[in-house]
Amino acid sequence: MPASNSRMTAIVCHGPEDYRVEEVGRPVAGQNELVVKIGACGICASDCKCWSGAAMFWGGKNPYVKPPVIPGHEFFGYVEELGPGAAEHFGVKAGDMVIAEQIVPCDRCRYCRSGSYWMCEVHNIFGFQREVADGGMSEYMKFPSTARVHKIPAEMPLADAAVIEPLSCAIHTVQRGDIQLADVVVIAGAGPLGLLMTQVARLKTPKKLVVVDLMEDRLELARGFGADVTINPKTQDVDEVLRSLTDGYGCDVYIETTGHPSGVTQGLQIIRKLGRFVEFSVFGKETSADWSIIGDRKELDIRGAHLGPYCYPIAIDLLTRGLVTSKGIVTHQYDLADWDEALKLANSTDSIKVLLTPGYRR
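What you are looking at is a predicted structure, and each value in this text was computed from that prediction instead of being measured.

## Some points on the overall build of the protein
Next up, step 1: Summing up its helical and strand segments, the protein has 13 helices and 17 strands in all.
Next up, step 2: For a compact globule of 362 residues, the expected C-alpha radius of gyration is about 21 Å, and the protein comes in at 20 Å, within 12% of that figure.
Next up, step 3: With respect to the principal axes defined by its C-alpha atoms, the protein has extents near 70 × 45 × 45 Å.
Next up, step 4: Counting across all 362 residues of the protein, residues that qualify as buried make up 56%.
Next up, step 5: A fraction of 69% describes how many contacts in the protein between residues 6 or more apart in sequence connect residues 24 or more apart.

## Examining the side chain of N124
Next up, step 1: In this structure, N124 sits in strand β7 (residues 124–125).
Next up, step 2: Those residues within four positions of N124 in sequence are excluded, and the remaining contacts are Y64, Q102, I103, V104, Q129, V132 and A133.

## Considering the packing of aromatic side chains
Next up, step 1: Per the counting criterion, the structure on display carries 11 aromatic pairs.
Next up, step 2: A ring pair is formed by F57 and F128, whose centres lie 5.4 Å apart and whose planes are at 15 degrees; its orientation type is stacked. Placement of F57 in helix α2 (residues 55–58) and of F128 in the loop between β7 and β8 (140–143) is noted, with a sequence separation of 71 residues between them.
Next up, step 3: On the accessibility criterion, F128 (5% relative accessible area) is buried.
Next up, step 4: Note on Y117 and W118: the rings are 6.0 Å apart at their centroids and 85 degrees apart in plane angle, and the pair reads as edge-to-face.
Next up, step 5: Look at Y117 and you get buried, because its relative accessible area is 4%.

## Some words on the pattern of salt bridges
Next up, step 1: The full count for this structure, using the stated rule, is 13 salt bridges.
Next up, step 2: In this structure, R297 and D290 form a salt bridge, with 2.8 Å as the shortest nitrogen-oxygen distance.
Next up, step 3: The partner of R303 in a salt bridge is D301, with the nearest N and O atoms 2.9 Å apart.

## Section: the sheet that holds strand β10 (residues 184–188)
Sheet strands pair by backbone hydrogen bonding; their relative direction is either parallel or antiparallel.
Next up, step 1: The 6 strands are arranged β12-β11-β10-β13-β14-β15 in an open sheet whose pairing can be described as parallel. Of all the strands in the sheet, the pair left with one neighbour each is β12 (229–231) and β15 (301–304). With direction set aside, neighbouring strand axes in the sheet form an average angle of 20 degrees.
Next up, step 2: By the bridge criterion, 3 bridges tie strand β11 (residues 208–212) to β12 in an arrangement that is parallel. Counted as the bridge partner of V212 is I231 from β12.
Next up, step 3: The sheet contacts of helix α9 (residues 238–245) involve β10, β11, β12 and β13 (251–256), and relative to β12 the element is tilted by about 160 degrees.

## Examining the state of the cysteines
Next up, step 1: As enumerated under the stated definition, the model contains 0 disulfides in all.
Next up, step 2: Its sulfur unpaired, C13 is 5.2 Å from the next cysteine sulfur, which belongs to C50.
Next up, step 3: Not part of a disulfide, C169 finds its nearest cysteine sulfur in C44, a span of 7.7 Å.
Next up, step 4: On the accessibility criterion, C169 (5% relative accessible area) is buried.

## Things to note about helix α6 (residues 164–176)
Next up, step 1: The end-to-end C-alpha distance of α6, which contains 13 residues, comes to 18 Å, matching closely the 18 Å that a straight helix rising 1.5 Å per residue would cover.
Next up, step 2: Here α6 lies mainly inside the structure; 11 of its 13 residues are buried.
Next up, step 3: Within α6, burial applies to I164, E165, P166, L167, S168, C169, A170, I171, H172, T173 and V174.
Next up, step 4: Downstream of α6 by one or two residues, D178 has phi in the positive range, about 50 degrees.

## Quick word on the packing of α6 against helix α12 (residues 312–320)
Pairs of packed helices are described in terms of their axes, by the angle between the two and the distance that separates them.
Next up, step 1: Taken N-terminus to C-terminus, the directions of α6 and α12 make an angle of 110 degrees; their axes are 8 Å apart at the nearest point. The pairing of α6 with α12 is recorded here as roughly perpendicular in orientation. The segment α6 lies against α12, with I164, E165, L167, S168, I171 and Q175 engaging Y312, I314, A315, I316, L318 and L319.
Next up, step 2: Of the residues belonging to the contact of α6 with α12, the class tally is 9 nonpolar, 2 polar and 1 charged.

## Side note on the nonpolar core
Next up, step 1: If you look at the biggest cluster of nonpolar residues, it comprises 57 residues, and the most contacted ones within it are I43, F126, F143 and L356.
Next up, step 2: No other element matches the 6 residues that strand β3 (residues 34–43) contributes to this core.
Next up, step 3: Beyond its immediate sequence surroundings of up to four residues, F143 is in contact with E33, L34, V36, F75, F90, V98, I99, A100, F126 and V149.
Next up, step 4: If you look at the next biggest cluster of nonpolar residues, it comprises 50 residues, including L158, L167, L193 and M197.

## Thoughts on the packing of α6 against helix α7 (residues 192–203)
Next up, step 1: At a minimum axis distance of 9 Å, the contact between α6 and α7 shows a crossing angle of 55 degrees. Regarding the angle of α6 to α7, the classification is oblique. The two elements α6 and α7 cross, and the hand of that crossing is right-handed. Counting all contacts with α6, which are made through P166, L167, C169, A170, I171, T173 and V174, the residues of α7 involved are L193, L196, M197, V200 and A201.
Next up, step 2: Among the residues forming the contact of α6 with α7, the class breakdown is 11 nonpolar, 1 polar and no charged.

## Here's the deal with the side chain of T230
Next up, step 1: Mapped onto the elements, T230 comes out in strand β12.
Next up, step 2: When its relative accessible area of 14% is taken as the criterion, T230 is described as buried.
Next up, step 3: In terms of polar contacts, T230 uses its side chain to reach the side chain of R223, at 2.7 Å.

Thresholds applied
Residues numbered from 1 in each chain as written. Predicted model: local features only at pLDDT ≥ 70, side-chain atom pairs only at ≥ 80, totals over all residues. Heavy atoms only, no water. Helix = DSSP H or I, 4+ residues; strand = E, 2+ residues; numbered from the N terminus. Rg over C-alpha atoms; globule rule 2.2 N^0.38 Å. Buried < 20%, exposed > 50% of the residue type's maximum accessible area, 1.4 Å probe, protein only. Contact = heavy atoms within 4.5 Å. Phe/Tyr/Trp six-rings, centres within 6.5 Å; stacked < 30°, edge-to-face > 60°. Salt bridge = Lys/Arg side-chain N within 4 Å of Asp/Glu carboxyl O. Pairing = 2+ DSSP bridges. Axes fitted to C-alpha atoms, helices over the stretch in contact; angles between N-to-C directions. Disulfide = S-S within 2.5 Å. Expected span 1.5 Å × (residues − 1). Parallel < 35°, antiparallel > 145°, perpendicular 65-115°, else oblique. Nonpolar A, V, L, I, M, F, W, Y, C, P; charged D, E, K, R; others polar. Core = buried A, V, L, I, M, F, W, Y, C linked by side-chain atoms within 4.5 Å. Left-handed = near helix turned anticlockwise from the far one by under 90°. Polar contact = N/O pair within 3.5 Å; in protein donor to acceptor, adjacent residues only side chain to side chain.

Everything listed here is a matter of geometry and, on its own, says nothing about what the molecule does.
So this is what it looks like as structure tokens:
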């Protein structure tokens, strides 16, 4: 690309419900940095909640989001420019299809230095902090020197490459559940993450895999992805169905990925004593529950799941081998200029995964 072309089109977040399509400066690669041409960037449920003003992103005296910032953390792209030392630093070359993990670790805090980089104390994540972590809803994007970068096979289809990030999160979440062969596992929520978790959990071969959702078309997809039982709370009693499957005890593992308070309270009700409850979702508001259930009544093992540490190579391998697919999950694609329509659709039940595709090459 000619050096004189120093501008690009991007979505810019200026504040809650204030995202604009703008012409901005194109990033330049410094020492050990990459600039990539974005192939696609997915719109995540957390992007929708950030847009709507959720307190997690905008609350307090020092809000997590630092606008104006280019959003987007579900991206992949092609190496366009290599700064000095970047080829050796990342092991890539111009034209390679690549992805960076969501977090930009500081590599200095106690978590980064101990290998738990995904819990970095600074915790810059692409798409939420201006300049240091501008995201992928743009034509070009910079990967800083501390980014965790992975190569993607050149033949991987767009839709599969675009779900590497959420699939990595799904893998980490399922791993946190420590699923055993005799377990009855419930995945609450059949959105993009829940459907990817269903595919990954099936590879663990639990005794019974159950998916709960309010949308019949998503439950149909879940069955196709390996769910043994699907439950629609609008027409079925979730607790009753689970008790009938487990001799009255409840499920062994409950994975919450609805992002709705009812998903939490439902899980606390249907999980057995000494069960493992895994919380993945980003919530738009506080959730209340009777904590006596966790300790005094059931002695539950409550586990969080954040990002997809050490899971990107696994995600790429599973997609390459056809053990996990994006088919049926990626439902819509839009140009950057159509951001308003894309967001509206992503924030509705009329889509599953919506992509922005500013520069796909095939």
